[in-house]
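Residue-level structural notes
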Amino acid sequence: MNEFKTIIDGAETSWNVNYKYYHPSTDTTRKKVSGVYLFSPKETSHKLLESYSSPTTCEVFIGDIVVQVLINWSDQVFTKLTIFNDVSNVKIETLITKPPSRKGEEIVLIVDTDIQNSGTFYTDSNGMEMHKRELNKRENWRWSADEQISGNYYPITSAIYVEDLKTQKRAT
């Protein structure tokens with residue numbers, strides 16, 4: 001139930017939502033210990049968070065303006081998807097009331113789509129303007145691959161979108 005399809009203005013988009021995690025870095029020699037202000041994973045790939053991999057309940061509410069899908073992954077993780085009828089975006093809200101009991105894991109929400117964006121996406125973390133982002137690239141300085149994972153994560157408090165360069169299909 002973590003796979004979805006939306007059809008807006010005749011354009012179908014497939015996407016899925018998964019909660020995954022990284023083990024935190026404990027490398028004190030490089031002063032890269034993961035913590036409150038530093039996301040520094042130990043490994044280079046995330047792992048599926050098994051306790052949050054299958055929803056326990058799912059409710060769908062259909063209205064004139066929006067469709068809302070409420071998903072409970074456990075008694076501690078809740079996701080609300082709001083799909084707007086008149087615009088091509090999906091609002092995703094997550095509430096994690098209690099992280100898993102494992103020590104210090106960095107929990108991430110991974111949203112995969114069939115949109116071919118060539119590693120380019122746009123973020124807005126302050127409600128002011130969208131900023132173009134490209135994987136493994138920075139406009140103002142030379143990219144360094146020693147922080148390949150954390151260097152490609154951005155805090156998203158307002159919006160993010162990806163756009164297919166050929167079809168102009170967009171997921172916001």
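Data block above holds the structure.
A short tour of the structure in this document, coming up.

Okay, the overall build of the protein next. Regarding its fold elements, the protein presents zero helices and twelve strands. Helices (α) and strands (β) of the protein occur, in sequence order from the N terminus, as β-β-β-β-β-β-β-β-β-β-β-β. For the protein, the proportion of its 172 residues judged to be buried stands at 33%. Contacts in the protein between residues at least 24 apart in sequence constitute 48% of all its contacts with a sequence separation of at least 6.

Another point: the side chain of Thr79. The topology assignment puts Thr79 in strand S6 (residues 77-84). Judged by its relative accessible area of 3%, Thr79 is buried. In this structure the side chain of Thr79 is engaged in a polar contact, spanning 2.5 Å, whose partner is the side chain of Tyr19. Reaching out from Thr79, the side chain makes a polar contact with the side chain of Trp73 at a distance of 2.8 Å. If we skip the residues at most four places from it in the chain, Thr79 touches Tyr19, Val69, Leu70, Ile71, Trp73, Ile92, Glu93 and Thr94.

Looking now at the pairing of strand S9 (residues 120-124). Buried residues dominate S9, accounting for four of its five residues. Here four bridges tie S9 to strand S10 (residues 131-134), and the two strands are oriented antiparallel to one another. Bridge pairing in S10 links Phe121 to Arg133.

The subject of this paragraph is unusual backbone geometry. The residue Ser118 is not glycine, and still its phi comes out positive at about 55 degrees. Here Ser118 lies in the loop between strand S8 (106-113) and S9. Positive phi values are uncommon outside glycine, yet Asn136 reaches one of about 55 degrees. Tracing the backbone shows Asn136 in the loop between S10 and strand S11 (159-163).

All right, on to the packing of aromatic side chains then. Overall, the coordinates contain two aromatic pairs when judged by the stated rule. Relative to Trp73, the ring of Tyr19 has its centre 5.6 Å away and its plane inclined at 75 degrees; by these criteria the two rings are edge-to-face. Highlighted residues: Tyr19 in strand S2 (residues 11-22) and Trp73 in the loop between strand S5 (66-72) and S6, separated in sequence by 54 residues. Residue classification places Tyr19 among the buried residues on the basis of a relative accessible area of 1%. For Trp73, a relative accessible area of 2% translates into the label buried. Relative to Tyr161, the ring of Tyr122 lies with its centre 4.6 Å away and its plane at 15 degrees, an arrangement referred to as stacked. Taken together, the residues Tyr122 in strand S9 and Tyr161 in strand S11 connect sequence positions 39 residues apart.

On to the sheet that holds S6. Read from one edge of the open sheet, four strands run S4-S5-S6-S7, paired in antiparallel fashion. Taken across any chain shown, the strands that pair with only one partner, and hence form the sheet edges, are strand S4 (57-62) and strand S7 (90-96). Strand-to-strand twist in this sheet, taken as the mean axis angle between neighbours without regard to direction, amounts to 10 degrees. Across six bridges, S4 lies against S5 in antiparallel orientation. Bridge assignment links Phe61 to a residue of S5, and that residue is Gln68.

Along the polypeptide, Trp143 turns up in the loop between S10 and S11. In contact with Trp143, other than residues within four places in its own chain, are Asn136, Lys137, Arg138, Gln148, Gly151 and Asn152.

Attention now goes to the environment of Ile160. By the element assignment, Ile160 lies in strand S11. Residues contacting Ile160, with those up to four places away along its chain left out, are Phe121, Tyr122, Thr123, Met130, Ala171 and Thr172.

Cut-offs and rules
Residues numbered from 1 in each chain as written. Predicted model: local features only at pLDDT ≥ 70, side-chain atom pairs only at ≥ 80, totals over all residues. Heavy atoms only, no water. Helix = DSSP H or I, 4+ residues; strand = E, 2+ residues; numbered from the N terminus. Buried < 20%, exposed > 50% of the residue type's maximum accessible area, 1.4 Å probe, protein only. Contact = heavy atoms within 4.5 Å. Polar contact = N/O pair within 3.5 Å; in protein donor to acceptor, adjacent residues only side chain to side chain. Pairing = 2+ DSSP bridges. Phe/Tyr/Trp six-rings, centres within 6.5 Å; stacked < 30°, edge-to-face > 60°. Axes fitted to C-alpha atoms, helices over the stretch in contact; angles between N-to-C directions.

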